[in-house]
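If you want the building blocks of each chain, they are given just below.
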Amino acid sequence: MEKRTVVITGGNSGLGYQCAKNIALKSKNYTVVLACRNKNKAVAASESLRNETGNPNIYSLELDLASLASVREFHNSFKQENYPPLFSLVCNAGFNLPALAYTKDGFEATFGVCHLGHYLLANLMLPQMMNNGRIIFVSSDMHNPPKVIYPTTPAFKNSMELAYPEKNGKITTKSLMMRYPMAKLSNILCTREMASRIGNETKKHVTVNAFNPGLMTDTNFMSPNISKILRPIIAGFATLLSYVINQHGSSTESGKHLAGLVTEQQYEGATGKYYFRGKEEKTSKPAQDKAAAKKLWIESAELVQLKQDETILSRK
Ligand SMILES: NC(=O)c1ccc[n+]([C@@H]2O[C@H](COP(=O)([O-])OP(=O)(O)OC[C@H]3O[C@@H](n4cnc5c(N)ncnc54)[C@H](OP(=O)(O)O)[C@@H]3O)[C@@H](O)[C@H]2O)c1
């Protein structure tokens, strides 16, 4: 196998870290770039990955998905580094914030980071990708959350409502709860639209798939802003609950499956699909809505002010 590079957003912890670890273990021909918002955490994670895997080709570059300028700067810095050709982009970073927050560009943060930041990044990186390259968007089964808690199935209507919720009516508990499911639904719609645009508009053989890691109780996802003392208590409670609802999983296990989507032969050529750990799975009906996917694509291009010379795909 020729030397190749894999970029993983949010590779400093949880699922992203485990994915990086498994790719680095697979072969020293893989260079792994952790694209992270916190430089210190990223440097520490790359050092720890080099020690754990014996693969010296692990680097970090700064990327804050909550800033369009930072996404564009990351792309420029990446081009200046002398890494092997780009084989895969794993759009993994994400969160489910308890309170309303905004990105540097004024977008609601869940939609802004999980979808808009990755949408821009994937468009910018696509021209650099080698033939048979692979893009993966980490989504979630929360794109279709349990009916007991979320009576309405999330369906995409328009990006402005998601990017600027306060301008589109009163913020309610329900609208706050829907931010994460809508962002993860957007990841799947974006996956399908990008896969189809690459196939229809370019000669590039780059696949695009979505990945659902399932519930993982050992990451920082459950308690991003909580003190180190409380974190194990919350993680312990979440683990117990996950066994009760028969949904137990870990980043160690899901990280192997996510790495597999990057490295394994069996996924070659598969595109526009949604995988739950290693198996292809059906999505909700609204995640199969082609008109919604197209609308999201066009509106996202407007929101991130994607220029035609920044992408090889059409913006309309
Ligand atoms: N845990 C679950 O049960 C579960 C279930 C389904 C799907 N997922 C998805 O899995 C993915 C990984 O989550 P995880 O469970 O591994 O949680 P995690 O340990 O909290 O990892 C999330 C990563 O995203 C990074 N990140 C957050 N905001 C960012 C930004 N603005 N720019 C760049 N990076 C940013 C975090 O950086 P910092 O370390 O600096 O905060 C961290 O590295 C997410 O997309 C999540 O939605 C998780």
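Predicted model only: the values in this text are computed from it and were never measured. (Residues numbered from 1 in each chain as written. Predicted model: local features only at pLDDT ≥ 70, side-chain atom pairs only at ≥ 80, totals over all residues. Heavy atoms only, no water.)

> Any chance you could explain the packing of helix 6 (residues 173-201) against helix 9 (residues 290-303) here in plain terms?
Each pair of packed helices can be summarised by the angle the axes make with each other and by the distance between the axes. At a minimum axis separation of 9 Å, helix 6 and helix 9 run at an interaxial angle of 90°. Taken together, the axes of helix 6 and helix 9 lie roughly perpendicular to each other. The residues of helix 9 that touch helix 6, namely those facing Ser186, Leu189, Cys190, Glu193, Met194 and Arg197, are Lys290, Ala292, Ala293, Lys294, Leu296, Trp297 and Ile298. (Axes fitted to C-alpha atoms, helices over the stretch in contact; angles between N-to-C directions. Helix = DSSP H or I, 4+ residues; strand = E, 2+ residues; numbered from the N terminus. Parallel < 35°, antiparallel > 145°, perpendicular 65-115°, else oblique. Contact = heavy atoms within 4.5 Å.)

> Please explain the sheet that holds strand 6 (residues 206-212) as it appears in this structure.
Pairing between sheet strands relies on hydrogen bonds along the backbone, with the strands arranged either parallel or antiparallel. With mixed pairing, eight strands are arranged side by side in an open sheet as 3-2-1-4-5-6-7-8. A single partner strand is all that each edge strand has here, and the edge strands are strand 3 (58-62) and strand 8 (279-280). The sheet contact formed by strand 1 (residues 4-9) and strand 2 (residues 30-36) spans six bridges and is parallel. Of the residues in strand 2, the one forming a bridge with threonine 9 is alanine 35. Against the sheet, helix 1 (residues 14-26) makes contact with strand 1, strand 2, strand 3, strand 5 (129-138) and strand 6, and its axis sits at roughly 165° relative to strand 2, the strand it touches most. Seen against the sheet, helix 3 (residues 68-80) touches strand 1, strand 2, strand 3 and strand 4 (86-91) and runs at an angle of roughly 140° to strand 3. (Pairing = 2+ DSSP bridges.)

> What exactly am I supposed to notice about the domain arrangement of the protein here?
Often, the extent of an interface is quoted as the loss of accessible area upon association of its parts. Domain annotation for the protein reports domain 1 (4-214 + 250-310) and domain 2 (217-248). Taking only C-alpha atoms, the centre of domain 1 and the centre of domain 2 are 23 Å apart. Note on domain 1 versus domain 2: buried area summed over both sides is about 670 Å², and carbon and sulfur give 50% of it. On the domain 1 side of the interface with domain 2, the three residues burying the most area are Asn96, Ser250 and Ser251, jointly 35% of the side's total. (Domains from an automatic or database assignment. Buried area = accessible area lost by both parts, 1.4 Å probe.)

> Would you mind showing me how to read the pattern of salt bridges here?
Oppositely charged side chains can pair when the atoms bearing their charge come close. Following the criterion strictly, the structure yields 11 salt bridges and no others. Among the salt bridges present, the one from glutamate 108 reaches arginine 179, with a minimum N-O distance of 3.6 Å. Taken together, the residues glutamate 108 in the loop between strand 4 and helix 4 (109-125) and arginine 179 in helix 6 connect sequence positions 71 residues apart. Judged by its relative accessible area of 9%, arginine 179 is buried. Of the charged contacts in the structure, one is a salt bridge between glutamate 193 and arginine 197, with a shortest N-O distance of 2.8 Å. Taken as a pair, glutamate 193 and arginine 197 lie in helix 6 at a separation of four residues, close to a single helical turn. As far as burial versus exposure is concerned, glutamate 193 and arginine 197 are alike and both buried. (Salt bridge = Lys/Arg side-chain N within 4 Å of Asp/Glu carboxyl O. Buried < 20%, exposed > 50% of the residue type's maximum accessible area, 1.4 Å probe, protein only.)

> Quick question: what am I supposed to make of the packing of aromatic side chains here?
Two aromatic rings are characterised by how far apart their centres lie and by the angle between their planes. Inspection of every chain in the model, using the stated rule, returns seven aromatic pairs. Taking the centre distance of 5.2 Å and the plane angle of 85° together, the rings of tyrosine 267 and tyrosine 275 count as edge-to-face. An aromatic cluster of three or more residues is present, and its members are Tyr59, Phe74, Phe78 and Tyr83. Its guanidinium or amino end placed over the ring of phenylalanine 87, arginine 4 lies 4.0 Å from that ring's centre, counting from NZ or CZ. Of note, lysine 167 hangs over the ring of tyrosine 164, and the distance from its end group to the ring centre comes to 4.3 Å. (Phe/Tyr/Trp six-rings, centres within 6.5 Å; stacked < 30°, edge-to-face > 60°. Lys NZ or Arg CZ within 6 Å of the ring centre and 35° of its normal.)

> Got a minute to help me understand the site of the ligand in this structure?
Near the ligand, the surroundings consist of 29 residues, among which Asn12, Arg37, Asn92, Tyr180 and Thr219 are the closest. Separating an oxygen atom of the ligand from a backbone N or O atom of asparagine 92 is a distance of 2.7 Å. With respect to the ligand, the backbone of methionine 216 contributes an N or O atom lying 2.9 Å from an oxygen atom. In isolation the ligand offers 900 Å² of accessible surface; the protein chains occlude 95% of this area. For the shell around the ligand, the secondary-structure elements that each account for two or more residues are helix 1 and helix 6. Both domains that furnish three or more residues to the shell around the ligand are identified here as domain 1 (4-214 + 250-310) and domain 2 (217-248). (Near = heavy atom within 4 Å. Polar contact = N/O pair within 3.5 Å; in protein donor to acceptor, adjacent residues only side chain to side chain. Areas by Shrake-Rupley, 256 points an atom, 1.4 Å probe, with all protein chains shown as cover.)

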